[in-house]
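Inside the fold
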Amino acid sequence: MSSLFADASLRLEKALQYVTISEDASERLKYPKASLSVSIPVRMDDGSLKIFQGYRVRYDDTRGPGKGGVRYHPSVCLDEVQSLAFWMTFKCALLNLPFGGAKGGITVNPKLLSKAELERLSRGYIEAIADFIGPDVDILAPDVYTNEMIMGWMMDQYSIIRRRISPGVVTGKPLTMGGSQGRDTATATGAFYVINSVLPQFNQKPETTTVAVQGFGNAGVEIAHLLAKSGYKVVAVSDSQGGIYSPHGLDISSIREYKRKHLSIKGVYCHNTVCNIVEHENITNEQLLTLDVDVLIPAALEKQITVENASGVRAKFIFEVANGPITSEADKILEAKGIHVFPDILINAGGVTVSYLEWVQNRNGLYWTLKEVQEKLKEKMIEEAEAVWKIHQELGVSFRTCAYIHGLNRLNMAMSAKGTRDYYMS
């Protein structure tokens, strides 16, 4: 067992101390149901052939078909994908969605590919995993460095293979291919609803609350914009190249507009770093994490706050928009410092929630307006945030553990309803 998944599993072990479930259910949740590794041959623009490594993991499908994104990144490996599928399992249970947890990815630096190469890679991935996925088996979605264009290619390729239009196999598609209103900003919108409902419980008002956002991709851009628009003072943002900081607050609208104007495939992959856009004080990503702010929002990749830098974190509240940005050892340090951490499986669940709504719309052929989607999302996010808050008040343990307890209770009920399932006993 490699480090990221081993670290992720510690959250389950902690939650199990507060939930009574069968040994069978506990044992099943420690291992993924199925893992697939594939080689994807791609003809490059110069005529050469290059092989890329791809993965898909379906961690658990007790509550329904697998659900999870596909990421394109140089660091993608089976351990990472398995960990993400594990988190998705608890995220879907926490939000009471009829899905299990899954995830996929390709080990690639997409910034180095042309649009045509990227399309061939995306279609090749679906060719390789087509028998492993499906609208009732395992449903894909965008993740790091994938977007609605790539999801559209994937849905189209799967439809070609199956010889029928299959919009439900992928969510996060273009609207013209059966996508849902509000899906492109759902992760940030869902996070905003929770943040805006939680902070008043601590007498924290928007106009006196400073915010730093690490990661200025799709989710980071949107959450910074929503918070700034609502009166919060966003004083720092960063991307992979570094950060910008102004104690008086940044003009998030202008930065967001710049990103909006560069929504080509190159623009999405941010060749023009945010650090070149506005007047600012340069800071590193590491410095951003230790700024003296009220709210810190990690919205980049995993393992950003570790045992090495956790003691320097000065924020009062951390909302995990990224998946797994804090290690379990760092959690202990932050908790000892009195920092409230609101976990990824709750905070960034807006994406999978609207993905569920998209899937439902595809199956029914009835599509909702943006207002209707956002109302359904808000209701669901606040309802489950309040349930986690209630568990916190009853048990007095961290919000992360409370979120896992909530999800674990639902997984246990589903497993109990299905019985022992001892298929291999003679």
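The protein carries the name Glutamate dehydrogenase in an unreviewed UniProt entry, which gives Cyanobacterium aponinum 0216 as its organism. Its UniProt record gives the protein the following Sequence similarities (unreviewed entry) comment, quoted word for word: "Belongs to the Glu/Leu/Phe/Val dehydrogenases family."

Moving on to the overall build of the protein. Tallying secondary structure elements over the protein gives 15 helices and 12 strands in all. For the protein, whose C-alpha radius of gyration is 21 Å, the value lies close to the compact-globule estimate of 22 Å for 426 residues. For the C-alpha atoms alone, the extent of the protein along its principal axes is close to 60 × 55 × 40 Å. The long-range fraction of contacts in the protein, counting pairs at least 24 apart against all pairs at least 6 apart in sequence, stands at 71%. Charge centroids of the protein, computed over 46 positive and 47 negative side chains, lie 3 Å from each other.

Turning our eyes to something else, we now look at the sheet that holds strand β7 (residues 233–239). The strand order across the open sheet built from 7 strands is β9-β8-β7-β6-β10-β11-β12, with neighbouring strands paired in mixed fashion. Looking at which strands have only one partner, the edges of the open sheet turn out to be β9 (281–283) and β12 (340–342). Mean inter-strand twist for the sheet, computed between neighbouring axes without regard to direction, equals 20°. Of the strand pairs in this sheet, strand β6 (residues 210–214) and β7 are connected by 5 bridges, and their pairing is parallel. In the sheet register, Gln-214 faces β7, and the bridge partner there is Ser-238.

This part covers the environment of Ala-212. Tracing the backbone through its elements, the reader meets Ala-212 in strand β6. Along the chain, Ala-212 and Asp-292 lie 80 residues apart, while their C-alpha atoms are 9.2 Å from each other. If we skip the residues at most four places from it in the chain, Ala-212 touches Ala-236, Leu-288, Leu-291, Val-293, Val-295, Leu-296 and Ile-297.

Here the focus is the pairing of β6. Of all 5 residues that make up β6, 5 are buried, and the element is covered over most of its length. Here β6 shows a buried face lined by Thr-210, Ala-212 and Gln-214 and a second buried face lined by Val-211 and Val-213. For the crossover that starts at β6, traverses helix α7 (residues 218–229) and ends in the parallel β7, the hand is right-handed. Taken together, the 4 bridges between β6 and strand β10 (residues 295–298) define a ladder with parallel strand orientation. Bridge pairing links Val-213 to Ile-297 in β10.

Right, let's get into the pairing of strand β1 (residues 34–43). Relative to strand β2 (residues 49–60), β1 runs antiparallel, the two sharing 10 bridges. From the neighbouring strand, Ser-35 faces β2, where its bridge partner is Val-57. The turn joining β1 and β2, which pair antiparallel and follow one another in sequence, is formed by 5 residues; a positive phi near 95° is taken by Gly-47.

What follows is about the UniProt feature "binding site: NAD(+)" (unreviewed entry) in the protein. UniProt marks Thr-187 and Asn-218 with the feature "binding site: NAD(+)" (unreviewed entry), using the numbering shown here. Spatially, the listed residues are clustered: although they cover 32 residues, their C-alpha atoms lie within 8.9 Å of one another. Mapped onto the elements of the fold, Thr-187 is located in helix α6 (residues 186–198). Sequence-distant contacts of Thr-187, defined by excluding residues within four places in its chain, comprise Ala-219, Val-321, Ile-347, Asn-348, Gly-350 and Gly-351. Looking at where Asn-218 falls in the secondary structure, it is placed in helix α7. Asn-218 gets classed as exposed once you look at its relative accessible area, which sits at 52%.

Here the focus is the packing of helix α3 (residues 78–94) against helix α15 (residues 399–418). Look at α3 against α15: their axes get within 8 Å of each other, and the N-to-C directions meet at 80°. As judged from the angle between their axes, α3 and α15 are roughly perpendicular. Note on element contacts: α15 touches α3 through Ala-403, Tyr-404, His-406, Gly-407, Leu-408, Arg-410 and Leu-411, opposite Phe-86, Trp-87, Thr-89, Phe-90, Ala-93 and Leu-94. Class assignment of the residues belonging to the contact of α3 with α15 gives a composition of 9 nonpolar, 3 polar and 1 charged.

Cut-offs used in this document
- Residues numbered from 1 in each chain as written.
- Predicted model: local features only at pLDDT ≥ 70, side-chain atom pairs only at ≥ 80, totals over all residues.
- Heavy atoms only, no water.
- UniProt positions renumbered as here; feature names shortened; annotations may be inferred.
- Helix = DSSP H or I, 4+ residues; strand = E, 2+ residues; numbered from the N terminus.
- Rg over C-alpha atoms; globule rule 2.2 N^0.38 Å.
- Contact = heavy atoms within 4.5 Å.
- Lys, Arg positive; Asp, Glu negative; His and termini not counted.
- Charge placed at Lys NZ, Arg CZ, Asp CG, Glu CD.
- Pairing = 2+ DSSP bridges.
- Axes fitted to C-alpha atoms, helices over the stretch in contact; angles between N-to-C directions.
- Buried < 20%, exposed > 50% of the residue type's maximum accessible area, 1.4 Å probe, protein only.
- Right-handed = clockwise from strand over helix to strand, strands pointing away.
- Parallel < 35°, antiparallel > 145°, perpendicular 65-115°, else oblique.
- Nonpolar A, V, L, I, M, F, W, Y, C, P; charged D, E, K, R; others polar.

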